[in-house]
Amino acid sequence: MDIFTVFSIIGTIAFAVSGAIVAMEEEYDILGVYVLGLVTAFGGGVIRNLLIGVPIPTIWTQGMLLKTAVIAMTIAFILPVKWLKTWKKSEAFFDAIGLSAFAIQGALYAAGKYPLSAVMVAAMLTGIGGGMIRDVLAGRKPLVLRDEIYAVWALAAGAVISLGWFHTPAQLLILFVIVIIFRMLSVHYSWRLPRRSLKYALAQSIFHADEEKRAAAASAIQEQEEVERKQND
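For every chain, the first residue of the written sequence is number 1, and numbering continues from 1 along that sequence. Residue-level local features of this predicted model are given only where pLDDT is at least 70; pairs of side-chain atoms are given and counted only at 80 or more, and the full residue set underlies all totals for whole chains, interfaces and linings. Note: side-chain values were computed over all heavy atoms of the structure, leaving out hydrogens and water.

What to know about the environment of F77
- If you trace the backbone, F77 turns up in helix α3 (residues 63-78).
- Sequence spacing of F77 and I30 is 47 residues, and the spatial spacing of their C-alpha atoms is 7.9 Å.
- Residues in contact with F77, not counting those within four places in the same chain, are M24, I30 and V33. Put simply, DSSP marks the helices as runs of H or I at least four residues long and the strands as runs of E at least two long, and each gets a number from the N terminus on. In what follows, residue pairs with any heavy atoms lying within 4.5 Å of each other are defined as contacts.

Right under this line is the structure:
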């Protein structure tokens, strides 16, 4: 079993269970659990294949990974609630495992065939694509677009693999651990990318505009009263 397969299995299990638990939180039936779990586990790979020109039907050749995902989701579905609560407490950690494994897997898929930018995007889409589709189907705001630094670590993994800094199995395992560590550090310290909230700014501008209208109306009324008082005098 090569290192590519190892990362594929790790990422598949982590994301399949993640999707299954989100489906149970949203009170989906067992079919919804399997659909959301499979989408989470394989959605990123499908998006990556679309990007780099790999035929989409190749997903059906991954029989072992599909079986692994189904087994993982079935176990998650029948586990006692207290075990699932334990998983939820460590959700960020397992999510980091899936992100790291799939980012490296996606980068290995594209490395040597495509330029640096394409390898980075392949790593990012493989790492975050399934989670984004999961959140959208579950009616949630995608984690990658609103939470701590997330996709950056996948991009970084793709960059160092494309540059050839990590290529042996031992080095890739070290990179796997590094990405997990940085992802967990970003969760612990709430590292975030710069953001700008137009929602608050627009609300403030509307409020000030209303204030100005009220002030102008009050001033006009006051002027009218002043004119009427002078006429009466």
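Topic: the confidence of the model for the chain
- Here the chain averages 80 in pLDDT, while 80% of its residues score no lower than 70.
- Here helix α10 (residues 198-232) stands out as the least confident element of the chain, with mean pLDDT 65; helix α8 (residues 151-162) is the most confident, with 90. pLDDT runs from 0 to 100 and stands for how confident the predictor is about each residue.

Remarks on the side chain of R134
- Mapped onto the secondary structure, R134 falls in helix α6 (residues 116-137).
- Burial here depends on accessible area, computed with a 1.4 Å probe over protein chains only, as a share of the maximum for the residue type. Under 20% is buried, over 50% is exposed, and the range in between is partly exposed. A relative accessible area of 7% means that R134 is categorised as buried.
- Ignoring anything within four residues of it in the chain, the contact list for R134 reads S18, G19, V22, L36, V39, T40 and D95.

Quick word on the environment of R140
- Relative to the elements of secondary structure, R140 occurs in the loop between α6 and α7 (143-146).
- For R140, the contacting residues outside a window of four places in its chain are V22, E25, E26 and D135.
- In protein, a polar contact means a hydrogen-donor-capable atom and an acceptor-capable atom, both N or O and within 3.5 Å, with residues adjacent in sequence counting only if both atoms are side-chain atoms; elsewhere, any N or O pair within 3.5 Å suffices. Reaching out from R140, the side chain makes a polar contact with the side chain of E26 at a distance of 3.0 Å.

Observations regarding the packing of helix α2 (residues 30-52) against α3
- Helix axes are fitted only over the stretch in contact, all axes being lines through C-alpha atoms; the angle between N-to-C directions runs from 0 to 180 degrees. Contact pair α2 / α3: the axes reach a minimum separation of 10 Å and the direction vectors enclose 135°. With respect to α3, the axis of α2 lies oblique. Handedness of the α2/α3 crossing: right-handed. On α3, the residues that touch I30, V33, Y34, G37, L38 and F42 of α2 are L65, L66, A69, V70, M73, T74 and F77.
- For this scheme, ten residues count as nonpolar: Ala, Val, Leu, Ile, Met, Phe, Trp, Tyr, Cys and Pro. Four count as charged, namely Asp, Glu, Lys and Arg, and the remainder, Gly too, count as polar. Its residues placed into classes, the contact of α2 with α3 shows eleven nonpolar, two polar and no charged. Working rule for angles: under 35 degrees goes down as roughly parallel, over 145 as roughly antiparallel, 65 to 115 as roughly perpendicular, anything else as oblique. Note on convention: near helix rotated counterclockwise from far helix by under a right angle means a left-handed crossing. Clockwise means right-handed.

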